[in-house]
Amino acid sequence: MYYFSALTEAPLCAGSVVYIVGGANSAGQAAIYFAESAARVIMLIRGSSPAAEMSAYLIEQIEANPRIEVRLDTEIAAAAGNTHLERLTLHTRSTGALEEVPATWLFAFIGADPATTWLGPAFARDAKGYLLTGPDIATVVGDSSPWPLPRPPLHLETTVPGVFAAGDVRAFTGHRVAAAVGEGSMAVMLVHKYLHD
Ligand SMILES: Cc1cc2nc3c(=O)[nH]c(=O)nc-3n(C[C@H](O)[C@H](O)[C@H](O)COP(=O)(O)OP(=O)(O)OC[C@H]3O[C@@H](n4cnc5c(N)ncnc54)[C@H](O)[C@@H]3O)c2cc1C
């Protein structure tokens, strides 16, 4: 099971069946990319049409690609396996029907919720609620930034001076473990700089 991924894992899926959950542009782009090397790509979309969230050009490419199958009205009810994914149980929402299928590759492109509202208005966020830090603050919110000091914010520093953000909660991060770990260690260094200055 992978999340927000495609470029790095696609070569591993060559010749296999790949399941993709999601019906928006990121899922559509991934399906087209995986279909270059996978035997078959099966998109699982909860809604009754991909048109609600996906751009027309992606829908056209998906419909024209014989390696991509789109299963509408479908969600995953269960996933099973021992050391790795072996089976999915697919649920047809309108009928309630359940179908178990063999599966080894599953990629989720269903977005994420950063849950940052508890931080309050002093912390600038992007439209989805991810925390803005460092130079991204000026780029995204510009003059309406709540950043209070004459000096610019340090990298990873939020709009509250001395408070740093690292990992998935931060806007423009890589949504990968390596990115979160790297930013975490960078944040420690920046805290030292903040305390020293
Ligand atoms: C299904 C799935 C599969 C993934 N697969 C991969 C993969 O194969 N490779 C890869 O590199 N990345 C993968 N990722 C992404 C990776 O897990 C994240 O990028 C990484 O975990 C981000 O680390 P983080 O510390 O920023 O956030 P998290 O790991 O989400 O940690 C945040 C922590 O903060 C805690 N928390 C939240 N709110 C509060 C609060 N108010 N007070 C105190 N604690 C709080 C949470 O409980 C959690 O423990 C996957 C993610 C998902 C969801």
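Residues numbered from 1 in each chain as written. Predicted model: local features only at pLDDT ≥ 70, side-chain atom pairs only at ≥ 80, totals over all residues. Heavy atoms only, no water.

**Student:** Before we move on, could you go through the environment of Gly-129 and cite the residues and values that matter?
**Tutor:** Among the structural elements, Gly-129 can be located in the loop between strand 8 (105–108) and helix 3 (135–141). Here Gly-129 falls in the buried class, since its relative accessible area comes to 14%. Put simply, Gly-129 and Cys-13 are 116 residues apart on the chain and 33 Å apart in space, counted from C-alpha to C-alpha. Contact partners of Gly-129, with chain neighbours within four places excluded, come to Pro-114 and Thr-116. (Helix = DSSP H or I, 4+ residues; strand = E, 2+ residues; numbered from the N terminus. Buried < 20%, exposed > 50% of the residue type's maximum accessible area, 1.4 Å probe, protein only. Contact = heavy atoms within 4.5 Å.)

**Student:** Lay out the domain arrangement of the protein chain in plain terms, naming residues and giving numbers.
**Tutor:** We note that the domain assignment places domain 1 (2–108) and domain 2 (117–196) within the protein chain. Between the C-alpha centres of domain 1 and domain 2 the distance comes to 34 Å. (Domains from an automatic or database assignment.)

**Student:** Mind laying out helix 1 (residues 25–34), listing which residues take part and the relevant values?
**Tutor:** Within the sequence span of helix 1, burial applies to Ala-27, Gly-28, Ala-30, Ala-31, Ile-32 and Phe-34. For helix 1, the secondary structure elements touched by its buried residues are strand 2 (17–21), strand 3 (40–44), helix 2 (56–64), strand 4 (68–71) and strand 8.

**Student:** Give me the lowdown on the confidence of the model for the protein chain, citing residues and values where you can.
**Tutor:** In this model, the protein chain carries a mean pLDDT of 92, and residues with pLDDT of at least 70 account for 96%. Across the protein chain, the secondary-structure element scoring lowest on mean pLDDT is strand 1 (residues 2–3), at 62, and the one scoring highest is strand 6 (residues 87–92), at 98. (pLDDT = per-residue confidence, 0-100.)

**Student:** If you had to explain the pairing of strand 4 to someone new, which residues and values would you point to?
**Tutor:** Relative to strand 4, strand 3 runs parallel, the two being bridged by 4 bridges. Paired with Met-43 across the two strands is Val-70, which belongs to strand 4. Chirality of the crossover, the property in question, places the unit of strand 3, helix 2 and strand 4 among those that are right-handed. (Pairing = 2+ DSSP bridges. Right-handed = clockwise from strand over helix to strand, strands pointing away.)

**Student:** Which residues make up the pattern of salt bridges, and what values go with them?
**Tutor:** Evaluated as defined, the whole model comprises 9 salt bridges. Between Glu-157 and Arg-151 there is a salt bridge whose closest N-O contact spans 2.9 Å. With a relative accessible area of 0%, Glu-157 lands in the buried category. Counted as one network, the salt bridges with shared partners bring together Glu-86, Arg-87 and Glu-100. (Salt bridge = Lys/Arg side-chain N within 4 Å of Asp/Glu carboxyl O.)

**Student:** Summarise the pairing of strand 2; cite the residues concerned and give the values.
**Tutor:** For strand 2, the buried fraction is high: 4 of the 5 residues fall into the buried class. By the bridge criterion, 5 bridges tie strand 2 to strand 3 in an arrangement that is parallel. Across the sheet, residue Val-18 finds its bridge partner in strand 3, namely Val-41. Taking the sense of rotation as the criterion, the β-α-β connection linking strand 2, helix 1 and strand 3 turns out right-handed. Bridging between strand 2 and strand 8 involves 4 bridges; their strand directions are parallel. Paired with Val-18 across the strands is Trp-105, a residue of strand 8.

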